[in-house]
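So you can see what is in the structure, the chains are spelled out below.
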Amino acid sequence: GQQVMQIPQYQHVQEGEDFTTYCNSSTTLSNIQWYKQRPGGHPVFLIQLVKSGEVKKQKRLTFQFGEAKKNSSLHITATQTTDVGTYFCAGFQAGTALIFGKGTTLSVSS
Amino acid sequence: NAGVTQTPKFRILKIGQSMTLQCTQDMNHNYMYWYRQDPGMGLKLIYYSVGAGITDKGEVPNGYNVSRSTTEDFPLRLELAAPSQTSVYFCASSYITMDQPQHFGDGTRLSIL
């Protein structure tokens, strides 16, 4: 069945360093969504990518959708302590439900 | 708007007990979902509903039941609680189609001892 793999599982950075998490699907996706979950909290929707090769930015966050619509990445520039949490990608394929990756947990030390 | 509201927030059950996790949304969303989240395992879909009266199984439905009698409510029932069902349960909803962003409740932390 459809799988969404996400790496790395954990990442620790010093405040001010950059961070990237990668998401790969075994099948072509209709869209991919990114969510952030703060420790002890619930997932919160960040962004949705639909088009092949799409790049979207939210302040220090840059999201990319691959040309083949099978992979995606989230890059955070100059991390801050407020970026701490787990970042999930979730892939959607028509006829199925949204499939979540296992997430990348980011910790930031000041 | 309250969004998606889940009750209770925490619960401890004994093996074999039953309980219902409540979920209600006030956004008039068609789709509602139940997920479980185990440490390091992401979110696994238990059941989902496309509207009142319609439910369907997700990836891990065994041991659970759901109903959707109204647009707003989507309760999750555990009939015979087992230690393997210790988890954090999230209810979510989305508007019109399944590929739309999902709005999550705060979760129910359930321990079965």
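Residues numbered from 1 in each chain as written. Chains lettered and ligands numbered in written order. Predicted model: local features only at pLDDT ≥ 70, side-chain atom pairs only at ≥ 80, totals over all residues. Heavy atoms only, no water.

Asker: Could you give me a rundown of the overall build of chain B, with the residues and numbers involved?
Answerer: Helices and strands together make up the secondary structure of chain B, namely 0 helices and 11 strands. Reading the secondary structure of chain B in the N-to-C direction produces β-β-β-β-β-β-β-β-β-β-β. For chain B, the C-alpha radius of gyration of 13 Å lies close to 13 Å, the compact-globule estimate for 113 residues. Dimensions of chain B, computed from C-alpha atoms along their principal axes, come out at roughly 40 × 25 × 25 Å. By residue count, 46% of the 113 residues in chain B fall in the buried class. Expressed as a percentage of contacts within chain B between residues at least 6 apart in sequence, the contacts between residues at least 24 apart total 55%. Summed over all atoms, the accessible surface of chain B reaches about 5300 Å², with 52% contributed by carbon and sulfur. Once the 9 positive and 9 negative side-chain charges of chain B are each reduced to a mean point, those two points are 10 Å apart. (Helix = DSSP H or I, 4+ residues; strand = E, 2+ residues; numbered from the N terminus. Rg over C-alpha atoms; globule rule 2.2 N^0.38 Å. Buried < 20%, exposed > 50% of the residue type's maximum accessible area, 1.4 Å probe, protein only. Contact = heavy atoms within 4.5 Å. Areas by Shrake-Rupley, 256 points an atom, 1.4 Å probe, with all protein chains shown as cover. Lys, Arg positive; Asp, Glu negative; His and termini not counted. Charge placed at Lys NZ, Arg CZ, Asp CG, Glu CD.)

Asker: Requested: an account of the interface of chain A and chain B, with residues and values cited.
Answerer: Facing 19 residues of chain A, the contacting portion of chain B comprises 17 residues. Contact between chain A and chain B buries roughly 1500 Å² in total, counting both sides, with carbon and sulfur atoms accounting for 59%. Run the count over chain A and chain B and you get 6 residue pairs in polar contact (both at pLDDT 80 or more). Of all the secondary-structure elements, those providing two or more residues to the side of chain A that touches chain B are strand S4 (31-37), strand S5 (44-49) and strand S9 (85-92) of chain A. The element that contributes the greatest number of residues to the side of chain A that touches chain B is S4(A), accounting for 4 residues. When the residues that make up the side of chain A that touches chain B are grouped by side-chain class, the tally is 8 nonpolar, 10 polar and 1 charged. (Buried area = accessible area lost by both parts, 1.4 Å probe. Polar contact = N/O pair within 3.5 Å; in protein donor to acceptor, adjacent residues only side chain to side chain. Nonpolar A, V, L, I, M, F, W, Y, C, P; charged D, E, K, R; others polar.)

Asker: Before we move on, could you go through the sheet that holds strand S1 (residues 4-7) of chain A and cite the residues and values that matter?
Answerer: All names here are of chain A. Across the sheet, which stays open at both edges, the 5 strands sit in the order S1-S3-S8-S7-S6 with antiparallel pairing between neighbours. Of all strands in the sheet, those with a lone pairing partner are S1 and strand S6 (55-58), marking the two edges. Taken pair by pair, the neighbouring strands of this sheet meet at an average axis angle of 15 degrees, ignoring direction. (Pairing = 2+ DSSP bridges. Axes fitted to C-alpha atoms, helices over the stretch in contact; angles between N-to-C directions.)

Asker: So, unusual backbone geometry: which residues are in play, and what are the values?
Answerer: Cis rather than trans, the peptide bond between Ile7(A) and Pro8(A) has omega equal to -5 degrees. Along the chain, the position of Pro8(A) falls in the loop between S1 and strand S2 (10-14). Geometrically, the link from Thr7(B) to Pro8(B) is a cis peptide bond, its omega value of -5 degrees lying close to zero. Following the sequence through the fold, Pro8(B) ends up in the loop between strand S1 (4-7) and strand S2 (10-13). Positive phi outside glycine occurs at Ala78(A), with the angle close to 50 degrees. Here Ala78(A) is to be found in the loop between strand S8 (71-76) and S9. Judged by relative accessible area, which is 30%, Ala78(A) ranks as partly exposed.

Asker: Explain the side chain of Ser93(B) to me, and be specific about the residues and the numbers.
Answerer: Residue and element names in this part refer to chain B. Tracing the backbone through its elements, the reader meets Ser-93 in strand S9 (residues 87-94). Judged by relative accessible area, Ser-93 falls into the buried class, the value being 0%. A polar contact is formed between the side chain of Ser-93 and the side chain of His-29, at a distance of 2.8 Å. Dropping the residues within four chain positions of it, Ser-93 is found in contact with Val-4, Gln-25, Met-27, His-29, Tyr-31, Met-32, Tyr-33, Pro-101, Gln-102 and His-103.

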